[in-house]
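Summary of the model geometry
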Number of protein chains: 2
Amino acid sequence: MERAIGVIDSGVGGLTVAYELMRQLPNERLIYLGDTLRCPYGPRPELEIKAFTWEMVNFLLTKHIKMLVIACNTATAFTLQELQEKLDIPVIGVIQPGARAAIKVTKTNHVGVIGTLGTIGSEAYATALQTIKPEIAVTSLACSPFVPMVEKGILQGEQCLSVVKESLLPMQKIKKMDTLILGCTHYPIIKDTIQQVMGPKISLISSSEETARETSIILEMKGLLNKPNEVGNHEFYTTGNLETFKKMTHRIFAKRMESIQPITMYRTVI
Amino acid sequence: MERAIGVIDSGVGGLTVAYELMRQLPNERLIYLGDTLRCPYGPRPELEIKAFTWEMVNFLLTKHIKMLVIACNTATAFTLQELQEKLDIPVIGVIQPGARAAIKVTKTNHVGVIGTLGTIGSEAYATALQTIKPEIAVTSLACSPFVPMVEKGILQGEQCLSVVKESLLPMQKIKKMDTLILGCTHYPIIKDTIQQVMGPKISLISSSEETARETSIILEMKGLLNKPNEVGNHEFYTTGNLETFKKMTHRIFAKRMESIQPITMYRTVI
């Protein structure tokens, strides 16, 4: 069997990246690990995020993955560089792909970023954007209530709308901004509500879609793409409650489940 | 001075890639070579296209470029693999970026491709699309009148509309297609007319924008990105008439010229 792509996340947000990987790279096999037991990572101190991320990485290395996708913005902000330096497989995070897509899309050169407290505090998106294009203006906002809301399964409806509305109030006042990066992999799950609140003129950038595309580029460049019809079952692991995790996975993947390779789900201790 | 990105094209079509490179990577310096004297490449035999492309590449290698962008679909179709094998700098073409973007965008898994006779005949887009995602259906169409029309400077108006309408007639009958790849770097110049003819429901993919974005990824991965404020003047070369080339460059870049680094233009023999 061909080697798999490893995907790590603090919980279920990374499933949006996993789904895009399965959709854009249907010949590839995934091994996903969501640290739902210790989610959210956003408000945790840097050292703890680093330690937890290494625990996840070490688990996946025992599965002989050929590439690592850090499908969590907070973990990317604090560990990407270190992992790229220390591992001998390609490592990609979710921040640079989102930044590059925003640079491509924005016409006003004013980009907004929403994410967890950790991601926003790290200024990783502003750095990624301005390293490539210094004239980009960046407005950042931490939306702390979003991750716990999504992990509870509140993905639409009145309560969701009111939380999103209230959190995004400061963003709606930024006149020149034309592009908003969903700087947390949980946010694409409530993308429709965010678009409704921000209005149709704002282009939303989903790090998940963009990261899947950049994974495709890197696998091709390194000659690591699977050949068609070699796909085995995907393996999805959670450190938390297996039933909750199964329910959320089915909910996020919705009806698309039948069109993808079978997924086997496990609970694990790391 | 930092080393430049080399860009080659059969004529002025590659200027759309050059423009996107300057917009998305404002810290980088370009050396562009357009073989306007021998344009179009589309209807030429494979061996001739290969020979002409190597002549362009050899010219740019004397300028110590750090990366090569083949901004011509026809040249990419016939020479990308060979150039990637033989050069010791990263080489990128315009076909794979367009294919990957189309895979990201399509919801119906039915993608259209328009290009020159050479590009369409090579089936390079169908191969690129189906290698990554075998279930993608591809409908291809050669639009031979577009390149000569654009090189003549007919970029809008009645004549342009009627040529585009007539050429795209077979494409408009494909019901399930939701995404159309502009598989020739001349085509983004008449993108508005193509969109008008195809209607708002079809997503147009510009290889130019996508190639610039993938160039950004590769430069970052290889640690080759320039630091801010180190940009020298861009150099643009044509093998044809310098005045015509200058006029076309100004026309394609339009008012955006003031916001980019100065360009020095030369006529050259290769």
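I will try to describe carefully the structure that is included in this document. Computed from a predicted model, the values in this text were never measured in an experiment.

The rules we used
Residues numbered from 1 in each chain as written. Chains lettered and ligands numbered in written order. Predicted model: local features only at pLDDT ≥ 70, side-chain atom pairs only at ≥ 80, totals over all residues. Heavy atoms only, no water. Least-squares fit on C-alpha atoms with pLDDT ≥ 70 in both. Contact = heavy atoms within 4.5 Å. Pairing = 2+ DSSP bridges. Helix = DSSP H or I, 4+ residues; strand = E, 2+ residues; numbered from the N terminus. Right-handed = clockwise from strand over helix to strand, strands pointing away. Buried area = accessible area lost by both parts, 1.4 Å probe. Salt bridge = Lys/Arg side-chain N within 4 Å of Asp/Glu carboxyl O. Nonpolar A, V, L, I, M, F, W, Y, C, P; charged D, E, K, R; others polar. Axes fitted to C-alpha atoms, helices over the stretch in contact; angles between N-to-C directions. Left-handed = near helix turned anticlockwise from the far one by under 90°. Buried < 20%, exposed > 50% of the residue type's maximum accessible area, 1.4 Å probe, protein only.

1. Overview of the relation of the copies chain A and chain B
With an RMSD of 0.0 Å, the operation that places chain A on chain B is a rotation of 180 degrees combined with a shift of 0.0 Å along the axis. Given the turn and translation reported, the copies of this chain are related as if by a two-fold rotation axis. Residue by residue, 100% of the interface of chain A is reproduced at the interface of chain B, so both copies engage with the same surface.

2. Quick look at the pairing of strand β8 (residues 203-206) of chain A
Residues and elements named next belong to chain A. Pairing between strand β7 (residues 179-182) and β8: four bridges, direction parallel. Opposite Leu180, over in β8, you have Leu204 as the bridge partner. One crossover worth recording links β7 to the parallel β8 by way of helix α9 (residues 191-198), and it is right-handed.

3. Structural notes on the interface of chain A and chain B
Taken residue by residue, the interface counts 28 residues in chain A and 28 residues in chain B. Of all residues in chain A, Arg100(A), Lys104(A) and Arg213(A) bury the most surface against chain B, accounting for 26% of the area lost on that side. Note that Glu210(B) is salt-bridged to Lys104(A), the shortest N-O span being 2.8 Å. Listed by contribution, the elements that provide at least two residues to the side of chain A that touches chain B are α1 (15-24), α4 (95-105), α6 (124-132) and α10 (207-221) of chain A. Sorting elements by how many residues they give to the side of chain A that touches chain B places α10(A) first, with nine residues. Taken together, the residues that form the side of chain A that touches chain B break down as 11 nonpolar, six polar and 11 charged.

4. Thoughts on the sheet that holds strand β7 (residues 179-182) of chain B
All names here are of chain B. Pairing within the open sheet is parallel, and its four strands lie in the order β6-β5-β7-β8. The open sheet has two edge strands, β6 (137-142) and β8 (203-206), and neither has a second partner. Each strand axis lies, on average, 25 degrees off the axis of its neighbour in the sheet, ignoring direction.

5. Structural notes on the packing of α4(A) against helix α10 (residues 207-221) of chain B
Between α4(A) and α10(B), whose axes approach to 10 Å, the crossing angle comes to 145 degrees. Seen from above, α4(A) lies across α10(B) with right-handed handedness. Across the interface between the two elements, Gln96(A), Pro97(A), Arg100(A), Ala101(A) and Lys104(A) of α4(A) pack against Glu209(B), Glu210(B), Arg213(B), Ser216(B), Ile217(B) and Glu220(B) of α10(B). Among the residues making up the contact of α4(A) with α10(B), the classes are represented as three nonpolar, two polar and six charged.

6. Notes on the pattern of salt bridges
All told, the structure shown has 28 salt bridges over all chains when counted by the stated rule. Glu55(A) is the salt-bridge partner of Arg38(A), the closest N and O atoms lying 2.9 Å from each other. Within this pair, whereas Arg38(A) is found in the loop between β2 (30-34) and α2 (46-61), its partner Glu55(A) is found in helix α2, the two being separated by 17 residues in sequence. Residue class for Glu55(A) comes out partly exposed when judged on its relative accessible area of 31%. Residue Glu20(B) is joined to Arg23(B) by a salt bridge in which the shortest nitrogen-to-oxygen separation is 3.0 Å. Taken together, the positions of Glu20(B) and Arg23(B), both in helix α1 (residues 15-24) and three residues apart, correspond to about one turn of that helix. Judged on exposure class, the residue Glu20(B) and its partner Arg23(B) are both buried. Ionic contacts of the salt-bridge type, sharing partners, join the residues Arg100(A), Glu210(A), Glu214(A), Lys104(B), Arg213(B) and Glu220(B) into one network.

7. Considerations on unusual backbone geometry
Cys39(A) connects to Pro40(A) through a cis peptide bond whose omega is 0 degrees. Of note, Pro40(A) is situated in the loop between β2 and α2. Phi is positive for Glu123(A), which is not a glycine, with a value near 55 degrees. By secondary structure assignment, the location of Glu123(A) is in the loop between α5 (117-122) and α6. Looking at Glu123(A), the relative accessible area reads 53%, which means it is exposed. Not every positive phi belongs to a glycine, and His64(B) is a case in point at roughly 60 degrees. Along the chain, His64(B) falls in the loop between α2 (46-61) and β3 (67-70). Assessed through its relative accessible area of 56%, His64(B) is described here as exposed.

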